[in-house]
Amino acid sequence: MTTASQRPATGPTVVTVEVGDPRVAPLLRELGDEYSTRYGKDAHAELARYPDEEFTPAHGGVLLLLLEHGEPVAGGAFRRYDDTTAELKRIWTHSAHRRRGLARRVVAELERAAAARGYRRVYLTTGPRQPEARGLYLATGYTPLFDTGADPETIGPLPFEKHLTTDAQTRKVPAP
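Now for a look at the structure at hand.

### Quick word on the overall build of the protein chain
1) Next: Tallying secondary structure elements over the protein chain gives five helices and eight strands in all.
2) Next: By the burial criterion, 48% of the 176 residues in the protein chain qualify as buried.
3) Next: Counted over contacts in the protein chain with a minimum sequence separation of 6, partners at least 24 positions apart contribute 60%.
4) Next: A total accessible area of about 8,900 Å² is found for the protein chain, and carbon and sulfur atoms account for 50% of it.

### Some remarks on unusual backbone geometry
1) Next: Of note, the phi angle at R90 is positive, near 60°, even though the residue is not glycine.
2) Next: Within the secondary structure layout, R90 lies in strand β5 (residues 85–93).
3) Next: In the Ramachandran plot, R99 falls in the positive-phi region, its phi being about 70° despite a non-glycine side chain.

### Re the side chain of D21
1) Next: For D21, the position within the fold is in the loop between β2 (13–16) and α1 (25–39).
2) Next: Within polar-contact distance, the side chain of D21 engages the backbone nitrogen of R23 at 2.8 Å.

### Things to note about helix α3 (residues 102–116)
1) Next: For α3, built from 15 residues, the straight-helix expectation of 21 Å at 1.5 Å per residue is met to within 8% by its first-to-last C-alpha distance of 21 Å.
2) Next: For α3, the buried fraction is high: eleven of the 15 residues fall into the buried class.
3) Next: For α3, the complete set of buried residues consists of L102, A103, R105, V106, V107, E109, L110, E111, A113, A114 and A115.
4) Next: Looking one or two places after α3, you find G118, whose phi comes out positive at around 95°.

### Remarks on the pairing of strand β8 (residues 158–163)
1) Next: Counting buried positions along β8 yields five of six residues, so the element is predominantly enclosed.
2) Next: Note that strand β6 (residues 121–126) and β8 share six bridges and pair antiparallel. The residue bridging T125 from the neighbouring strand is P159, located in β8.
3) Next: As paired strands, strand β7 (residues 143–144) and β8 are joined by two bridges and run antiparallel to one another. Counted as the bridge partner of P144 is F160 from β8.

### Examining the packing of aromatic side chains
1) Next: On inspection of all chains with the given rule, the structure shows five aromatic pairs.
2) Next: Ring geometry for F146 against F160: centres 5.3 Å apart, planes inclined by 80°, an arrangement best described as edge-to-face. Of this pair, F146 sits in the loop between β7 and β8 while F160 sits in strand β8; the two residues are 14 residues apart in sequence, bridging distant segments of the chain. As far as burial versus exposure is concerned, F146 and F160 are alike and both buried.
3) Next: Grouped by ring-pair contacts, the aromatic residues Y137, Y142, F146 and F160 constitute a single cluster.

### Here's the deal with the pattern of salt bridges
1) Next: Counted according to the given criterion, the structure contains ten salt bridges.
2) Next: Linking E54 and R79 is a salt bridge whose minimum nitrogen-to-oxygen distance equals 2.5 Å. Of the two residues, E54 sits in the loop between α2 (44–47) and β3 (62–68) while R79 sits in strand β4 (residues 71–82), which places them 25 residues apart along the sequence.
3) Next: Residue E54 is classed as partly exposed on the basis of its relative accessible area, which comes to 21%.
4) Next: Among the residues examined, R79 registers a relative accessible area of 13% and is labelled buried.
5) Next: What you see here is one network of salt bridges that share partners, running through E54, R79, E87 and K89.

Analysis parameters
Residues numbered from 1 in each chain as written. Predicted model: local features only at pLDDT ≥ 70, side-chain atom pairs only at ≥ 80, totals over all residues. Heavy atoms only, no water. Helix = DSSP H or I, 4+ residues; strand = E, 2+ residues; numbered from the N terminus. Buried < 20%, exposed > 50% of the residue type's maximum accessible area, 1.4 Å probe, protein only. Contact = heavy atoms within 4.5 Å. Areas by Shrake-Rupley, 256 points an atom, 1.4 Å probe, with all protein chains shown as cover. Polar contact = N/O pair within 3.5 Å; in protein donor to acceptor, adjacent residues only side chain to side chain. Expected span 1.5 Å × (residues − 1). Pairing = 2+ DSSP bridges. Phe/Tyr/Trp six-rings, centres within 6.5 Å; stacked < 30°, edge-to-face > 60°. Salt bridge = Lys/Arg side-chain N within 4 Å of Asp/Glu carboxyl O.

The structure is reproduced here in structure tokens:
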């Protein structure tokens, strides 16, 4: 099942998809390769850690892609962390489309979708060897739940949170 969301005047189209959609394959492949390169192990298993159904609306989750000319250029997902919190996972920008602000757009779209589903908080972790992800979350208003002055390698996964505002919760986002 694919559902198109709001389309800005210019830029990629947002679609909500299921993990099994063939357009998700580049996201999973590139994330696995990237994690394996940075952490020196087969990270594809990490991507399989959560059952696909956790990223479906029926289980409180969403998986979305940004498409240009029908091809995925960025994407991300969230799953239910608890009754009031969505956990962002699998934030990705295609290697040929980086440095365009697409990750910011994915995070904003995920926040809107989470707020529309009644979540009041977003939580996520990123790896200590992903400074661009750390920078993205700091730049988009996430609060680090760790000592930002410490060596990230001594912390492990870096946790962040963001409380969704009442304003964000009242925006209308089409349900998938």
